[in-house]
Amino acid sequence: MSVLTQTRPLDHVADFPAIPAGWAYLDTAATAQKPQEVIDAITRAYDTDYATVHRGVYQRSADMTLAYEAARRKVAKFLNAGSENEIVFVRGATEGINLVAHCWAGTQLKAGDRILLSQLEHHSNIVPWQMVAERIGAQIDVLPLTADHRIDLDAMAAMITPQHKLVALGHVSNVLGSVLDGRRAADIAHSVGAKILLDGCQSVPRMTVDVAALDCDFYVFSGHKLYGPTGIGVLWAKPALLEAMPPYQGGGAMIDKVSFAGTTYAPPPGRFEAGTPHIVGVLGLAAGIDYVTRIGLERIHAHETALVKLTRDALSQFNSLTLFGPEDSAGIVSFSIAGVHPHDIGTILDEAKVAVRAGHHCAQPLMETLGVDATARASFGVYNSAADVEALVRGIERVTRIFG
Ligand SMILES: Cc1ncc(COP(=O)(O)O)c(C=O)c1O
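As recorded in an unreviewed UniProt entry, the chain goes by the name Cysteine desulfurase, listed as coming from Sphingomonas glacialis. UniProt's Function (unreviewed entry) comment on the chain is quoted here verbatim: "Catalyzes the removal of elemental sulfur and selenium atoms from L-cysteine, L-cystine, L-selenocysteine, and L-selenocystine to produce L-alanine."

Structure, rendered in structure tokens:
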């Protein structure tokens, strides 16, 4: 257990009222627990501060509008975007990807064009592309993984052609923790004139993300994995792309002028935010960003990297256990045990007060590539410590005893 004593461990579990003493919550890749200050921000927004945004002429609504738009600026700064007008609030990464599939790919691609994905994508970064490809008559190609389970960018350089108009890749795999070299992927995509979308669900909670340095075209993430609430997420896109995209949904707030003779639309980002927005979700997301920013994403990354090393070192002692993903995976460790279904691993660990995810993790094509139906997955956050890893390892010892 020396790695964590060498690094300065984070100890933020006390910030999280939903984590009782002795419970090892190792499912942050599914959703992060909420620190008290995020809960307080949500309570305040529904309580003393509550009002609608953008429309009210009274003071409370004007204040709420200021807070809502300040949150948009905070997200822009968090991603190093050029302007808050590049930030579209959506329900989550899933909606962000569907929006791009519908409004960008659905209008820019034609029959015979190609879309490039990878073997490790979450279903959210597969199915929307399949739906649009089927509608248009476009084709999907799939990048293989390297032997250590990263998206193979050498293969990408060899496979990509001018027919490829869009590349959509996970910045960090939700199963393997593999970190993509996003800048290299963007350079390869741009070398044939393709646009690139990065799915940042698993990267924003555990590393600094700079969309300018990445030079990607679209970036999406979900608030609930960033210690914020569910039902809120972000789509960032280069301004010229947003400008050229038609609306996603019609309704209030996304218009310039409505008449039966014809309706004109608001400029981005309002054009993509039809209806009363998730005001409280946006304020909760801003509180989540404040929370991780104050701790420091570099420190969070270093902490989770140390926990991953500790976990991988300890689990590799079990002969019957297979570890997936690269050594330097970010915050996530997937594994299987010969002859034991991952659901049984999860159930026995639950009895030991260790919460892991077991299943296909919304990545069935990846399971096929790995040659398994499912894996068990431990994933870390700012509240985890070496004690949680010890509890996991004790639980795995019990699993191997029970199953012989
Ligand atoms: C890599 C990745 N992409 C996309 C998603 C979808 O996120 P959401 O369900 O919040 O829209 C997830 C959530 O598990 C994820 O881990």
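On we go.
Caption draft 1: Spotlight on the packing of helix 2 (residues 36-46) against helix 10 (residues 279-295). It is the contact of helix 2 with helix 10, at a shortest axis distance of 8 Å, that shows an interaxial angle of 155°. Taken together, the axes of helix 2 and helix 10 are roughly antiparallel relative to one another. The crossing of helix 2 and helix 10 is right-handed. On helix 10, the residues that touch E37, V38, A41, I42, A45 and Y46 of helix 2 are V280, L283, G284, A287, G288, D290, Y291 and R294. Across the contact of helix 2 with helix 10, the residue classes tally to nine nonpolar, two polar and three charged.

Caption draft 2: Broad picture of the site of the ligand. Around the ligand, the surrounding shell consists of G92, A93, T94, H122, S124, N174, D199, C201, Q202, S222, H224 and K225. At 3.4 Å, a backbone N or O of A93 approaches an oxygen atom of the ligand. Within the side chain of S222, an N or O atom sits 2.7 Å from an oxygen atom of the ligand. For the ligand, the protein covers 84% of the area, taking 400 Å² as the surface of the free molecule. At a threshold of 2 Å from the grid points, most atoms of the ligand map onto the largest pocket.

Caption draft 3: Expanded view of the sheet that holds strand 12 (residues 332-337). The antiparallel open sheet is built from four strands, whose spatial order is 11-12-15-14. With one partner strand each, in any of the chains shown, strand 11 (321-324) and strand 14 (357-359) form the two edges of the open sheet. Averaged over all adjacent pairs, the angle separating strand axes in this sheet is 30°, with direction ignored. Pairing of strand 14 with strand 15 (residues 375-379), which is carried by three bridges, proceeds in the antiparallel orientation. When the bridges of strand 15 are listed, R357 appears paired with R377.

Cut-off values and rules
- Residues numbered from 1 in each chain as written.
- Predicted model: local features only at pLDDT ≥ 70, side-chain atom pairs only at ≥ 80, totals over all residues.
- Heavy atoms only, no water.
- UniProt positions renumbered as here; feature names shortened; annotations may be inferred.
- Axes fitted to C-alpha atoms, helices over the stretch in contact; angles between N-to-C directions.
- Helix = DSSP H or I, 4+ residues; strand = E, 2+ residues; numbered from the N terminus.
- Parallel < 35°, antiparallel > 145°, perpendicular 65-115°, else oblique.
- Left-handed = near helix turned anticlockwise from the far one by under 90°.
- Contact = heavy atoms within 4.5 Å.
- Nonpolar A, V, L, I, M, F, W, Y, C, P; charged D, E, K, R; others polar.
- Near = heavy atom within 4 Å.
- Polar contact = N/O pair within 3.5 Å; in protein donor to acceptor, adjacent residues only side chain to side chain.
- Areas by Shrake-Rupley, 256 points an atom, 1.4 Å probe, with all protein chains shown as cover.
- 1 Å grid on protein atoms, 1.4 Å probe; cavity = no way out; pocket = protein on both sides within 12 Å on 5 of 7 lines; lining within 4 Å.
- Sits in = over half its atoms within 2 Å of the grid points.
- Pairing = 2+ DSSP bridges.

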